[in-house]
Amino acid sequence: MDYKIADLGLAEYGRKEITLAEMEMPGLMALRDRYGKDKPLKGARITGSLHMTIQTAVLMETLKELGAELRWASCNIFSTQDHAAAAMVEAGIPVFAWKGENLEDYWWCTYQALNWPEGECDLIVDDGGDATLMIHEGCRLEQLFSQNRIAAIADSDNDEVSPGAGASDQPT
Amino acid sequence: MIISEIDPICALQAAMEGFEVNTLDNMVETADIFVTATGNCDVIRVDHMMKMKHNAIVCNIGHFDNEIQVSRLYELEGVKKVNIKPQVDLIELPNEKAIILLSEGRLVNLGNATGHPSFVMSCSFSNQVLAQMDLWQNHHEIGVYTLPKILDEEVARLHLDKLGVQLTHLNVRQAEYIGVPVDGPYKPEHYRY
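Quick look at the structure, then. (Residues numbered from 1 in each chain as written. Chains lettered and ligands numbered in written order. Predicted model: local features only at pLDDT ≥ 70, side-chain atom pairs only at ≥ 80, totals over all residues. Heavy atoms only, no water.)

A word on the nonpolar core
Selection rule: The set of buried Ala, Val, Leu, Ile, Met, Phe, Trp, Tyr and Cys residues whose side-chain atoms join them within 4.5 Å is what this entry labels a nonpolar core. With a 1.4 Å probe rolled over the protein chains alone, any residue whose accessible area is under 20% of its type maximum counts as buried; one over 50% counts as exposed, and the rest are partly exposed. Working definition: helices are DSSP H or I runs of at least four residues, strands are E runs of at least two. Numbering for both runs from the N terminus. In this analysis, two residues are considered to be in contact whenever any of their non-hydrogen atoms come within 4.5 Å of each other.
One finds Ile 46, Met 52, Leu 63, Trp 72 and Val 95 of chain A to be the most contacted residues of the largest nonpolar core, which totals 41 residues. Within the residue set of this core, elements represented by two or more residues are α1 (11-23), α2 (26-35), α3 (54-65), β2 (69-73), α4 (82-90) and β4 (123-126) of chain A together with α6 (118-137) and α7 (149-158) of chain B. Filtering out sequence-adjacent residues up to four positions away, Val 95 of chain A remains in contact with Tyr 3, Lys 4, Ile 5, Met 52, Met 60, Trp 72, Ala 85, Met 88 and Val 89 of chain A. Residues Phe 34, Met 49, Leu 93 and Leu 101 of chain B belong to the second largest nonpolar core, which totals 17 residues.

Okay, structure coming up:
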């Protein structure tokens, strides 16, 4: 499994805090009880671009319990709780997030969360719209490339083609 | 606490809650802590920061880091950034003063702390789970959709026990009297709380 986080050794600490948070998140736990057996999200590949916190970990494990497959990035360079990220990787979810990313890391992580090794992303949980922005930028560039208006779409030095070049160029 | 507000309705709400409502320009030299919560750009500008008290604390809990003119501040000649600890920077200004900038102007609750309480996030995330189920199981034309009120009410219902809330139930006569189903939804789709 591919992933990139700060320290997998923090997984146990993360798990302890997730267990505490579960008791404070009755809505999510009720949804697990109600729908866990039927797996209504079975087969859904969900990309998350959402603060990789303890609370988000409880959301992620709810989606997983309902049958979804996940790949996850944070939607802010400072919002990841590294122990939450570690617990998710330990639970088998590919996470690309750590506290204190730079902007290049940030967009790399977003791309990794969108880039499913087999098949394509079906659904996005997108806080702030950066994953959606990246998909739109990708589509725009493919169109320019097909019209021979740009030579190569992998030139990340060019502001014109970097995903951060849109109107909303800063993660929340 | 003093509120700056552009919307007359929100300004009135703040005043009725007992807050003083005033402009940033009027208050910039007296406040100790500045918090932006707007979703807009250029709310705290470089010229504001130059007028602030020495070591005033500046942070953002709205959206992008452009609510405070951070990048323009860094570009200013004579500005020096001294990192105190992760997500806390002392910004020395050319006027001999300094400000303390948190999380480089990005979301302060998540950068300098651990975000919202679990209970609050459970309400928000339960809606997310129901939305993902709906998007996966039902065909939708491209567009923007909101969760139906009945599901919002269901999410709220799931959180009542934890707070020890005992809900009162409508009887059929009462439901008919106000024109809603006994089991909800109790408000029209356009209603905002």
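Overview of the interface of chain B and chain A
What counts here: The buried area of a pairing is the accessible area, by a 1.4 Å probe, that goes missing from both parts when the two are put together, added over both. Each reported salt bridge corresponds to a side-chain nitrogen of Lys or Arg within 4 Å of a carboxyl oxygen of Asp or Glu. Whenever two N or O atoms come within 3.5 Å, that pair is a polar contact, provided that in protein one can donate a hydrogen and the other can accept it, and provided that, for residues adjacent in sequence, both atoms are side-chain atoms. Gly falls in the polar group here, along with every residue not listed as nonpolar (Ala, Val, Leu, Ile, Met, Phe, Trp, Tyr, Cys, Pro) or charged (Asp, Glu, Lys, Arg).
With 31 residues of chain B at the contact, the number on the chain A side is 42 residues. With both sides pooled, the region where chain B packs onto chain A buries about 3,200 Å², and carbon together with sulfur makes up 68% of that total. Counting the contacts that link chain B with chain A gives one salt bridge. A salt bridge links Arg 34 of chain A to Glu 154 of chain B; the nearest nitrogen and oxygen atoms lie 3.1 Å apart. Run the count over chain B and chain A and you get eleven residue pairs in polar contact (both at pLDDT 80 or more). Here the side of chain B that touches chain A gets 14 residues from one element, more than from any other, and that element is α6 of chain B. Across the side of chain B that touches chain A, the residue classes tally to twelve nonpolar, 14 polar and five charged.

Section: helix α6 (residues 130-146) of chain A
All names here are of chain A. Note the cut-off: Here the expected span of a helix is defined as 1.5 Å times the quantity of residues minus one. The reported arc concerns the directions from the helix axis to the C-beta atoms and nothing else.
Over its 17 residues, α6 runs 24 Å from end to end, which matches the ideal 24 Å to within 8%, given 1.5 Å per residue. Asp 130, Ala 131, Leu 133, Met 134, Glu 137, Leu 141 and Leu 144 are the residues of α6 that are buried. The buried residues of α6 all sit within an arc of 150° when viewed along its axis, so they share a single face. Exposed and facing more than 90 degrees away from the buried side of α6 are His 136, Glu 142 and Ser 146. Each element contacted by the buried residues of α6 is listed here: β1 (45-49), α5 (103-114) and β4. Where α6 terminates, the next one or two residues include Asn 148, which has phi positive at roughly 60°.

Points about the layout of surface pockets
All names here are of chain B. Heads up, the rule is: Points on a 1 Å grid over protein atoms alone make up a cavity when a 1.4 Å probe fits among them but cannot get out, and a pocket when they form an open set with protein on both sides within 12 Å along at least five of seven lines; lining residues each have an atom within 4 Å of a point. Grid points are joined across faces, edges and corners, and a volume is the space filled by probe spheres set on the points.
Estimates place the volume of the second largest pocket at around 890 Å³. What lines the second largest pocket is a set of 24 residues, among which Ile 2, Ile 3, Ser 4, Val 35 and Val 43 lie closest to the centre. Those elements giving two or more residues to the lining of the second largest pocket turn out to be β1 (2-3), α2 (24-27) and β3 (33-36). The biggest single contributor to the lining of the second largest pocket is β3, with four residues. Split by residue class, the lining of the second largest pocket holds 13 nonpolar, seven polar and four charged.

Remarks on the packing of α1 of chain A against α4 of chain A
Helix-helix packing: each pair is described by the crossing angle between the helix axes and the interaxial distance. Residues and elements named next belong to chain A. For clarity, the threshold we go by: Angular values range over 0 to 180 degrees, each being the angle between N-to-C directions of two axes fitted as lines to C-alpha atoms, with helices fitted over their stretch in contact. For this classification, under 35 degrees means roughly parallel, over 145 means roughly antiparallel, 65 to 115 means roughly perpendicular, and everything else is oblique.
Their axes nearest at 7 Å, the elements α1 and α4 cross at an angle of 95°. In terms of axis orientation, α1 runs roughly perpendicular to α4. Contacts between α1 and α4 involve Ala 11, Tyr 13, Gly 14, Arg 15, Glu 17 and Ile 18 from the first element and His 83, Ala 84, Ala 86, Ala 87, Met 88 and Glu 90 from the second.

Remarks on the pairing of β3 of chain B
Residue and element names in this part refer to chain B. Applicable threshold: Between any two strands, at least two bridges found by DSSP are needed for them to pair.
The two faces of β3 differ: Phe 34 and Thr 36 on one face are buried, but Ile 33 and Val 35 on the other face are not. With four bridges joining them, β3 and strand β4 (residues 56-60) adopt parallel strand pairing. The residue of β4 that forms the bridge with Val 35 is Cys 59.

Looking at unusual backbone geometry
Residue and element names in this part refer to chain B. Cis geometry is adopted by the peptide bond preceding Pro 185, which originates at Gly 184 and carries an omega value of 0°. Tracing the chain through its elements places Pro 185 in the segment after α8 (172-178). A positive phi is found at Ser 103, a non-glycine position, where the angle reads about 50°. By the element assignment, Ser 103 lies in the loop between β7 (98-102) and α5 (108-111). Residue Ser 103 is classed as buried on the basis of its relative accessible area, which comes to 0%. In this structure, Glu 104 takes a positive phi of about 50° despite not being glycine. When you line up the elements, Glu 104 lands in the loop between β7 and α5. The partly exposed category is assigned to Glu 104, whose relative accessible area is 24%.

Purely geometric stuff here, so don't read any function into it on its own.
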